[in-house]
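# Structure assessment
What follows is each chain in one-letter form.
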Amino acid sequence: MRVLGVDPGLTRCGVGVVEGVAGRPLTMLGVGVVRTPADAELGDRLVAVEQGIEAWLDEYSPGYVAVERVFAQHNVRTVMGTAQASAIAMLCAARRGIPVALHTPSEVKAAVTGSGRAEKAQVGAMVTRLLRLDAPPKPADAADALALAICHIWRAPAQNRLQQAVAAHRTSGAPGTSGAPRAPGVSRTPRTSRTPGSSGNTPGVTGTSGTTPGTPRTPGASATPRTSGASRAPRTLKGRTA
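Residues numbered from 1 in each chain as written. Predicted model: local features only at pLDDT ≥ 70, side-chain atom pairs only at ≥ 80, totals over all residues. Heavy atoms only, no water.

### A word on the pattern of salt bridges
Tallying each qualifying case throughout the model produces eight salt bridges. With its nearest N and O atoms 2.9 Å apart, the salt bridge here joins Arg-12 to Asp-141. Remark: Asp-141 occurs in helix 5 (residues 140-172) and Arg-12 occurs in strand 2 (residues 12-19); sequence separation between them is 129 residues. Owing to a relative accessible area of 36%, Arg-12 belongs among the partly exposed residues under this scheme. Between Arg-95 and Glu-50 there is a salt bridge, with its nearest N and O atoms 3.1 Å apart. Taken together, the positions of Arg-95 in helix 2 (residues 76-95) and Glu-50 in helix 1 (residues 42-60) put the pair 45 residues apart, joining distant regions of the chain. Salt bridges sharing partners connect three or more residues here, namely Glu-50, Glu-54, Asp-58, Arg-95 and Arg-96. (Salt bridge = Lys/Arg side-chain N within 4 Å of Asp/Glu carboxyl O. Helix = DSSP H or I, 4+ residues; strand = E, 2+ residues; numbered from the N terminus. Buried < 20%, exposed > 50% of the residue type's maximum accessible area, 1.4 Å probe, protein only.)

Put into structure tokens, the structure is as follows:
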């Protein structure tokens, strides 16, 4: 994997090319800075940044471009210039069909030094050690560009696996597969529930005592009251006609 790291800026735009794979020793192919005069017009400075990045793309033909993600700063003028240079780098890469990755300064510091709050001197020292250089690259923008390239080489495999997992999850939720959502407007058939107070009989009808359980009575009929014992014939009084 060959990555061009870009530390965007109008006055000094750091660029560095690193080649290698995660878990193996990395090799620096080139490092430098694209400079523009501070007293030049903004349009001319942007053109100079574009020409400088295009020259690096022509010379090294990287497979990826890693650009520092712009974050908020108190100095609005500085962050605006950084954002404009970042856009130029992404434009140059997209024009050639080269994938672009954005990494925050904290992500780069954590990947290279193990701490997201590392100082620039620590980043430069670790870049020198990882790339087996004789001295830290100067200025600091150049070292930051190499750190961006290293960060992407180490983070790219994990990001690819994450993207594949997300794509697989979306595919598994397609219509016709297990766990697919129901069509809008279609509801499940509600389950029937027993009427409170009934015991398996017809709702609202109470079975007659002594009859077959669960047999409903004829609507409007009343239950015959039971008598204790068998029915007896009316008794007659002695000496009187019944």
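### Let's talk about the side chain of Thr-36
Mapped onto the fold, Thr-36 is located in the loop between strand 3 (27-35) and helix 1. You can call Thr-36 buried: its relative accessible area is 6%. Ignoring sequence-local partners within four residues, the contact set of Thr-36 consists of Leu-10, Thr-11, Arg-45, Ala-48 and Val-49. (Contact = heavy atoms within 4.5 Å.)

### Overview of a nonpolar patch on the surface
A cluster of nonpolar side chains, namely Met-1, Val-21 and Tyr-64, defines an oily patch on the protein surface of about 220 Å² accessible area. Mapped onto the secondary structure, Val-21 falls in the loop between strand 2 and strand 3. Given a relative accessible area of 40%, Val-21 falls into the partly exposed group. (Patch = residues over 30% accessible without salt bridge, like charges linked within 9 Å, V, L, I, M, F, W, Y side chains within 5 Å. Areas by Shrake-Rupley, 256 points an atom, 1.4 Å probe, with all protein chains shown as cover.)

### A short note on helix 3 (residues 105-113)
Buried within helix 3 we find Pro-105, Val-108 and Val-112. For helix 3, the buried positions fall inside an angular range of 65° around the axis, keeping them on one side. At the C-terminal side of helix 3, Gly-114 shows a positive phi close to 95°. (Arc of directions from axis to C-beta.)

### Focus on the nonpolar core
Grouped together as the largest cluster of nonpolar side chains are 20 residues, with contacts concentrated most on Leu-4, Val-6, Val-15, Ile-53, Trp-56, Leu-57 and Val-65. The set of elements that each furnish at least two residues to this core consists of strand 1 (2-7), strand 2, helix 1, strand 4 (64-68) and helix 2. Ranked by residue count, the leading element in this core is helix 1, at six residues. When neighbours within four sequence positions are excluded, Val-65 is seen to be in contact with Leu-4, Val-6, Leu-57, Ala-93, Ile-98, Pro-99, Val-100 and Ala-101. One finds Ala-147, Leu-148, Ala-149 and Ile-150 within the second-largest nonpolar core, a separate group that totals 16 residues. (Core = buried A, V, L, I, M, F, W, Y, C linked by side-chain atoms within 4.5 Å.)

### Here we look at the pairing of strand 2
Across the eight residues of strand 2, six count as buried, placing the element largely inside the fold. Examined bridge by bridge, strand 1 and strand 2 share six bridges and lie antiparallel to one another. Its bridge partner lying in strand 2, Val-3 is registered against Val-18. Counted along the chain from strand 1 to the antiparallel partner strand 2, the turn is four residues long. (Pairing = 2+ DSSP bridges.)

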